[in-house]
Amino acid sequence: GAGVSQSPSNKVTEKGKDVELRCDPISGHTALYWYRQSLGQGLEFLIYFQGNSAPDKSGLPSDRFSAERTGGSVSTLTIQRTQQEDSAVYLCASSSGLFSYNEQFFGPGTRLTVL
Amino acid sequence: SQQGEEDPQALSIQEGENATMNCSYKTSINNLQWYRQNSGRGLVHLILIRSNEREKHSGRLRVTLDTSKKSSSLLITASRAADTASYFCATDENSSASKIIFGSGTRLSIRP
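Here's a quick rundown of the structure. (Residues numbered from 1 in each chain as written. Chains lettered and ligands numbered in written order. Predicted model: local features only at pLDDT ≥ 70, side-chain atom pairs only at ≥ 80, totals over all residues. Heavy atoms only, no water.)

Some points on the state of the cysteines
Residues and elements named next belong to chain B. The cut-off we apply is this: By disulfide we mean two sulfur atoms from cysteines, separated by a distance within 2.5 Å. Numbered from the N terminus, helices here are DSSP runs of H or I no shorter than four residues, and strands are runs of E no shorter than two. For every residue, the accessible area (1.4 Å probe, protein chains only) is compared with the maximum for its type, and the residue is labelled buried under 20%, exposed over 50%, or partly exposed between those bounds.
Counted according to the given criterion, the structure contains two disulfides over all chains. Two residues, Cys23 and Cys89, share a disulfide whose sulfurs are 2.0 Å apart. Its S-S torsion of approximately 65 degrees makes the covalent link between Cys23 and Cys89 right-handed. Residue Cys23 is found in strand β3 (residues 19-25), and its partner Cys89 is found in strand β9 (residues 85-93); the two are separated by 66 residues along the sequence. In this structure Cys23 comes out as buried when scored by relative accessible area, which is 2%.

Okay, here's the thing in structure tokens:
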């Protein structure tokens, strides 16, 4: 594809509901990253994938957060029993390789609002 | 915890002036990158500097890296209105070259 895409672009949900956020990386990119950005803040690392494997899940804020990647392509980030503090923009990025010298290409993000 | 912290948090300068932003980090790194984020284009990669490099140029951008002080600076020369954005440094952790940690960013405003 032309770039990283994310859906939905906006999601408003009620506290306690589950949400699924989707990321479509650039075709052929083996590495995929999820970040969270609160209003006016920097990016908080959540998780990364090399292929379908997630070697480091230490950034996930709680066990309500989970992520998977299938077929080495699309990834979903699931937040169960959402809380108001989960409100943020969730950004996905992909790169051609896992190492830090590879440029990350970011999607437009999903703005999550938990009421 | 944040690996990189930018300074200042906010910067406002006149168009045509130079803008300097600094980033400090905590652990040894392999590489340091600078990204720009604005409402129109989202997050975009600007430049990467490796730990064995001290200075790098790209157009109006100049990045320096001082591994002894664990700090980097981004200089934007001859600023333009379009440079208005937030700028983030991003570092890896030497023990984990795959995990990229972003700083809290510098919000740069260019006055006409």
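Quick notes on the pairing of strand β4 (residues 31-37) of chain A
All names here are of chain A. The line we're drawing: Here, a strand pair is defined by DSSP locating no fewer than two bridges between the strands.
Counting buried residues along β4, seven of its seven residues qualify, which places the element largely inside the surrounding structure. Here β4 runs beside strand β5 (residues 43-50); their pairing, made up of seven bridges, is antiparallel. Residue pairing for β5: Gln37 is matched across the bridge by Leu43. As consecutive antiparallel partners, β4 and β5 are separated by five residues, and within that stretch Gly40 has a phi angle of approximately 70 degrees, a positive value. Strand direction decides the pairing type here: β4 and strand β9 (residues 88-95), joined by seven bridges, are antiparallel. Along β9, the bridge assignment pairs Trp34 with Cys92.

Describing the pattern of salt bridges
Note the cut-off: By convention in these notes, a salt bridge is any Lys or Arg side-chain nitrogen within 4 Å of a carboxyl oxygen on Asp or Glu.
For the structure on display, the rule yields six salt bridges over all chains. A:Arg36 is paired through a salt bridge with A:Glu44; the nearest N and O atoms lie 3.0 Å apart. Take A:Glu44: its relative accessible area is 31%, and that puts it in the partly exposed class. Note that B:Lys56 is salt-bridged to B:Glu53, the shortest N-O span being 4.0 Å. By relative accessible area, B:Glu53 is classed as partly exposed at 23%.

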